[in-house]
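Okay, here's what each chain looks like letter by letter:
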Amino acid sequence: GINTFRWTIPGGACPSVFDDVIISVHATPTIAAAGPDQTICSTTSTLQGNSPAIGIGLWTVITGSATFANASLATTSISGLPAGANTLRWTISNGVCPASTDDVVITVQPNPVTPNAGPDQTICSSNATLAATATSGGIWSLISGSGSFTNASLANTAVTSLSTGINTFRWTIPGGACPSVFDDVIITVQASPTISSA
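The following refers to the structure shown. Being a predicted model, the structure only gives us computed values, none of them experimental.

## Digging into the nonpolar core
And step 1. The biggest cluster of nonpolar side chains holds 16 residues, and the ones touching the most others in it are L47, W59, L81, L88, W90 and I106.
And step 2. Every element with two or more residues in this core is listed here: β8 (84-93) and β9 (100-108).
And step 3. If sequence neighbours within four positions are ignored, I106 has contacts with Q38, I40, S45, L47, I78, L81, G84, A85, N86 and L88.
And step 4. In terms of nonpolar packing, the next biggest core, distinct from the first, is built from 15 residues, A128, A155, L162 and F169 among them.

Here it is as structure tokens:
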């Protein structure tokens, strides 16, 4: 706060004279905490900084981009986040004292590509080859019927032990923070006809 000091010169038979000086001491600002890092599947989010007991706070963009609803609020909504890592800084300052800062990284994951499990097939065999569009991280799963994958992580894996009738397989692309996406393919196995006897 305010501290006032007086410099006095005695005047002897004359009146003393003086002058005052004021020294204002600012308290050290509250230590900034920007909140936990986030990985999201959206262009909007909410920041979770700490409210300062001493000083005032302000959000700024360090890398990436963002629009603050109110940059002076510790917890404020943001929009306009691009895909990738966006670094935002929460700064608490109080007068001439060194400011306290803390960063939060908000990583926006893009939506996964649209999967394509390949064309449906009608065959007369218990074996087939799947033909999905190759995508990193994709994986096959059995939805109905039967079948064993040679390698469920390969888009064009062989599948064996198919049952007669409809066999449904799903090609799924994990989305991370975004919802996973998938596409199904149906392999219809027709039974061999009865051996003819004339």
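## Quick word on the sheet that holds β9
Neighbouring strands of a sheet are bound in pairs by backbone hydrogen bonds; such pairs are parallel or else antiparallel.
And step 1. Taken together, four strands build an open sheet; the order of strands is β3-β9-β8-β5 and the sheet is mixed. Each edge of the sheet is formed by a strand with only one pairing partner; in this case those strands are β3 (38-40) and β5 (56-63). The mean angle between the axes of side-by-side strands here comes to 25°, regardless of whether they run parallel or antiparallel.
And step 2. Here β8 runs beside β9; their pairing, made up of nine bridges, is antiparallel.

## A word on the sheet that holds strand β13 (residues 148-149)
And step 1. Spatially, three strands are ordered β11-β14-β13 in an open sheet, and the strand pairing comes out antiparallel. Across the chains shown, the open sheet's two edge strands, defined by having one partner strand only, are β11 (128-129) and β13.
And step 2. Judged from the two bridges that link them, β13 and strand β14 (residues 158-160) form a sheet pairing that is antiparallel. Its bridge partner being in β14, S148 is matched across the sheet by T160.

## Observations concerning the environment of D183
And step 1. Tracing the backbone shows D183 in strand β16 (residues 181-189).
And step 2. Overall, the relative accessible area of 25% leaves D183 in the partly exposed class.
And step 3. In sequence terms D183 and R170 are 13 residues apart; their C-alpha atoms lie 5.7 Å from each other.

The rules we used
Residues numbered from 1 in each chain as written. Predicted model: local features only at pLDDT ≥ 70, side-chain atom pairs only at ≥ 80, totals over all residues. Heavy atoms only, no water. Core = buried A, V, L, I, M, F, W, Y, C linked by side-chain atoms within 4.5 Å. Buried < 20%, exposed > 50% of the residue type's maximum accessible area, 1.4 Å probe, protein only. Helix = DSSP H or I, 4+ residues; strand = E, 2+ residues; numbered from the N terminus. Contact = heavy atoms within 4.5 Å. Pairing = 2+ DSSP bridges. Axes fitted to C-alpha atoms, helices over the stretch in contact; angles between N-to-C directions.

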